[in-house]
Amino acid sequence: MEVGRDYVNTRKKNEDSSTPRTDQQARKRLDGKFQNESEIIRSLCALIRNHSESLCPNGWKLHDKSCYRFSTQRKHWDSAKRECKSQNSHLLIINTKQEQNFLIQSMPNKNEEYFIGLTDRESEGNWKWVDVTPVR
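Residues numbered from 1 in each chain as written. Predicted model: local features only at pLDDT ≥ 70, side-chain atom pairs only at ≥ 80, totals over all residues. Heavy atoms only, no water.

This part is about the pattern of salt bridges. A complete count under the given rule lists four salt bridges for this structure. One salt bridge connects Arg121 with Asp78, and the closest N-O pair in it is separated by 2.7 Å. With Arg121 in the loop between strand 3 (118–119) and strand 4 (128–129) and Asp78 in helix 3 (residues 77–86), this residue pair connects regions lying 43 residues apart in the sequence. For Asp78, a relative accessible area of 30% translates into the label partly exposed. Lys128 is paired through a salt bridge with Glu122; the nearest N and O atoms lie 3.9 Å apart. (Salt bridge = Lys/Arg side-chain N within 4 Å of Asp/Glu carboxyl O. Helix = DSSP H or I, 4+ residues; strand = E, 2+ residues; numbered from the N terminus. Buried < 20%, exposed > 50% of the residue type's maximum accessible area, 1.4 Å probe, protein only.)

Take the packing of aromatic side chains next. Under the defined criterion, the tally for this structure stands at two aromatic pairs. Judged by centre distance (5.1 Å) and plane angle (70°), the ring pair of Phe70 and Tyr114 falls under edge-to-face. Of the two residues, Phe70 sits in the loop between strand 2 (66–68) and helix 3 while Tyr114 sits in the loop between helix 4 (97–106) and strand 3, which places them 44 residues apart along the sequence. Taking relative accessible area as the criterion, Tyr114 reaches 25% and is therefore assigned partly exposed. (Phe/Tyr/Trp six-rings, centres within 6.5 Å; stacked < 30°, edge-to-face > 60°.)

What follows covers helix 4. Looking at helix 4, one finds that the buried residues are Glu99, Phe102, Leu103 and Ser106. Buried residues of helix 4, viewed axially, fall in a sector of 95°; they line one side. Structural note: helix 4 exposes Lys97 and Gln105 on the side pointing more than 90 degrees away from its buried face. If you follow the buried residues of helix 4, they end up packed against strand 1 (61–63) and strand 2. (Arc of directions from axis to C-beta. Contact = heavy atoms within 4.5 Å.)

Before going further, it helps to examine the side chain of His63. With respect to the helices, strands and loops of the structure, His63 is situated in strand 1. Using a relative accessible area of 16% as the deciding quantity, one classes His63 as buried. Setting aside residues up to four positions removed in sequence, His63 forms contacts with Tyr68, Gln98, Glu99 and Phe102.

A separate point is the side chain of Glu99. Of note, Glu99 is situated in helix 4. For Glu99, a relative accessible area of 7% corresponds to the buried category. Polar contacts involving the side chain of Glu99 include one to the side chain of Tyr68, which spans 2.4 Å. Among residues more than four places away in sequence, those in contact with Glu99 are His63, Tyr68, Leu92, Ile93 and Ile94. (Polar contact = N/O pair within 3.5 Å; in protein donor to acceptor, adjacent residues only side chain to side chain.)

Moving on to unusual backbone geometry. Phi is positive for Lys65, which is not a glycine, with a value near 70°. You can see Lys65 is positioned in the loop between strand 1 and strand 2. In this structure Lys65 comes out as exposed when scored by relative accessible area, which is 81%. Phi is positive for Val132, which is not a glycine, with a value near 75°. Mapped onto the fold, Val132 is located in the segment after strand 4.

Taken by themselves, the reported measurements are silent on function.
The following block contains the structure:
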């Protein structure tokens, strides 16, 4: 039983009698670990950024976690909607001014007309997006 008490007392003495040198060594070790982890995180971020472009199919553009493609095929709105659905996508729904600016800059031919996912088919003049959200 006496050994157990001495062990506990010895631990407390070591903890209480820490020297500036051991504190500096501990800080250096922590700084080194932090720096190493920061480098790993930076590398992972760069890797994700580089591979994010490949998340979209060939010929599509990535913007804010979504993929976009301007079709050069001339079709009626319903045919264009079906074509998008066959590619596991949908006609364009514009949610933000930033997205709209990206689309304007990305248009391959600004003189062409492109369908977007806006319709008033259910009620003339009552515009809704293809995901049925009303126009804001």
